[in-house]
Amino acid sequence: MNTFSDSVTTALQLVLSGDPGLWSVVSRSLGVSAMACVLACGLGLVLGAWLAVARFPGRGVVLTLLNTFLAIPSVVVGLVIYLLLSRSGPLGFLGWLFSFQAMVLAQACLVLPLVTALTRQVVEDADRNHGEQLSSLGAGPVLRSLLLAWDDRYALITVLLTAFGRAVSEVGAVMIVGGNIEGFTRVMTTAIALETSKGDLPLALGLGLVLLGVVLVLNAMVSLLSRWRERADSADATRLTLVTQ
């Protein structure tokens with residue numbers, strides 16, 4: 001118990017004192033996840049919105065594969081990216097292996113199916129309610145998907161926050177393609193695993209507390225956004241009722 005309490009106390013001191021080693025790892029981790037989410041969301045939002053309204057042969061197979069990729073282990077993603085970026089791989093000429101860019105690419109590939117699947121579900125639900133009306137006004141599949149995505153933009157913000165939480169808490173892929181190199185590719189999750197194995201529990205706990213804080217903030221933002229959206233929808237329904245009366 002004394003060891004645990006001492007470790008927690010030291011960990012809090014590291015966090016609150018602004019320890020350079022700890023916060024450099026935190027900033028690198030947040031940077032990698034933020035860039036990965038920008039890349040994944042840029043493609044995933046468009047692809048998911050299009051899949052929600054498009055109808056083509058084999059769509060069911062595509063959706064089944066997409067849902068399967070939601071459960072793919074992060075280490076498998078890391079292994080595939082490692083093979084692609086290795087010297088003998090098709091992307092070896094980039095020289096990205098064990099670099100910041102490799103970790104961004106791995107996390108982007110990991111969260112892309114999540115963003116695509118959640119966006120598809122959000123837009124498809126909206127299409128059931130408003131898609132027929134938009135089609136009657138002459139909107140094609142692409143325009144309809146963009147309009148529906150914009151109409152449900154607040155729900156899609158929740159998707160973005162969920163994707164960032166998934167990326168920042170991932171360890172397997174970035175460990176494989178980044179190499180956990182101190183000062184270059186060490187992020188919060190890989191540092192926690194390493195410091196725990198070394199017995200440096202205060203630093204591992206400090207990073208764990210920061211990571212937990214980041215996830216807590218993301219979940220709080222999702223909850224607040226959902227409540228605000230519900231109140232806004234309720235207020236709009238009340239105004240519509242008053243107008244019709």
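Cut-offs used in this document
Residues numbered from 1 in each chain as written. Predicted model: local features only at pLDDT ≥ 70, side-chain atom pairs only at ≥ 80, totals over all residues. Heavy atoms only, no water. Buried < 20%, exposed > 50% of the residue type's maximum accessible area, 1.4 Å probe, protein only. Helix = DSSP H or I, 4+ residues; strand = E, 2+ residues; numbered from the N terminus. Arc of directions from axis to C-beta. Patch = residues over 30% accessible without salt bridge, like charges linked within 9 Å, V, L, I, M, F, W, Y side chains within 5 Å. Areas by Shrake-Rupley, 256 points an atom, 1.4 Å probe, with all protein chains shown as cover. Salt bridge = Lys/Arg side-chain N within 4 Å of Asp/Glu carboxyl O. Contact = heavy atoms within 4.5 Å. Axes fitted to C-alpha atoms, helices over the stretch in contact; angles between N-to-C directions. Parallel < 35°, antiparallel > 145°, perpendicular 65-115°, else oblique. Left-handed = near helix turned anticlockwise from the far one by under 90°. Nonpolar A, V, L, I, M, F, W, Y, C, P; charged D, E, K, R; others polar. Expected span 1.5 Å × (residues − 1). pLDDT = per-residue confidence, 0-100. Core = buried A, V, L, I, M, F, W, Y, C linked by side-chain atoms within 4.5 Å.

Moving on, we get to helix α6 (residues 141–151). Among the residues of α6, those classed as buried are Arg144, Ser145, Leu148 and Ala149. Viewed end-on, α6 has its buried residues packed into an arc of 130°, placing them on one side of the element. Residues of α6 that are exposed and angled more than 90 degrees away from the buried face: Val142 and Trp150.

Time to look at a nonpolar patch on the surface. On the surface, a cluster of nonpolar side chains totalling about 570 Å² of accessible area is made up of Leu79, Tyr82, Leu83, Phe98, Ile181 and Phe184. The residue Leu83 is located in helix α4 (residues 74–85) in this model. Given the relative accessible area of 48%, Leu83 is considered partly exposed.

Another aspect to go through is the environment of Ala167. Tracing the backbone shows Ala167 in helix α7 (residues 153–168). The class for Ala167 is buried, based on a relative accessible area of 0%. Separated by 61 residues in the primary sequence, Ala167 and Ala106 have C-alpha atoms spaced 9.5 Å apart. For Ala167, the residues in contact, after removing those within four places along its chain, are Ser33, Cys37, Gln107 and Val111.

Even without being glycine, Phe98 reaches a positive phi, approximately 60°. Phe98 gets classed as partly exposed once you look at its relative accessible area, which sits at 37%. The phi angle at Asn180 is positive, at roughly 55°, despite the residue not being glycine. With respect to the helices and strands, Asn180 occurs in the loop between α8 (172–178) and α9 (188–198).

Attention shifts here to the packing of helix α2 (residues 20–53) against α7. The contact between α2 and α7 brings their axes to 9 Å, and the two run at 135°. Our classification of the angle between α2 and α7 gives oblique. α7 is crossed by α2, and the crossing has right-handed handedness. Counting all contacts with α2, which are made through Ser29, Leu30, Ser33, Ala34, Cys37, Cys41 and Leu45, the residues of α7 involved are Leu156, Leu160, Ala163, Phe164, Ala167 and Val168. A class-by-class count of the residues in the contact of α2 with α7 yields 11 nonpolar, 2 polar and no charged.

To continue, consider α7. For α7, built from 16 residues, the straight-helix expectation of 22 Å at 1.5 Å per residue is met to within 8% by its first-to-last C-alpha distance of 23 Å. Of all the residues in α7, the buried ones are Leu156, Thr158, Val159, Leu161, Ala163, Phe164, Gly165, Ala167 and Val168.

Okay, the confidence of the model for the chain next. Considering every residue of the chain, the mean pLDDT works out to 87; 93% of them sit at 70 or more. Within the chain, the element-level pLDDT minimum falls on helix α10 (residues 201–244), averaging 80, and the maximum on α4, averaging 94.

Turning our eyes to something else, we now look at the pattern of salt bridges. Where charged atoms from two side chains of opposite charge come close, those side chains can pair. Counting across every chain of the model gives 7 salt bridges. The shortest N-O distance in the salt bridge between Glu124 and Arg120 comes to 2.6 Å. With a gap of 4 residues between them, Glu124 and Arg120 both fall in helix α5 (residues 100–136), about one helical turn apart. Look at Glu124 and you get buried, because its relative accessible area is 11%. For Arg120, a relative accessible area of 9% gives the class buried. A salt bridge links Glu124 to Arg128; its shortest N-O distance comes to 3.0 Å. Taken together, the residues span about one helical turn, with Glu124 and Arg128 both in helix α5 at a distance of 4 residues. For Arg128, a relative accessible area of 58% corresponds to the exposed category. Here the residues in one salt-bridge network are Arg59, Arg120, Glu124, Asp125 and Arg128, joined through shared partners.

Side chains of a nonpolar character, in soluble globular proteins, are inclined to be buried together. Grouped together as the largest cluster of nonpolar side chains are 51 residues, with contacts concentrated most on Leu22, Val123, Met188, Leu207 and Val210. Ranked by residue count, the leading element in this core is α5, at 12 residues. Residues within four places of Met188 in sequence aside, it is in contact with Val25, Val26, Ser29, Leu30, Val168, Leu207, Val210 and Leu211.

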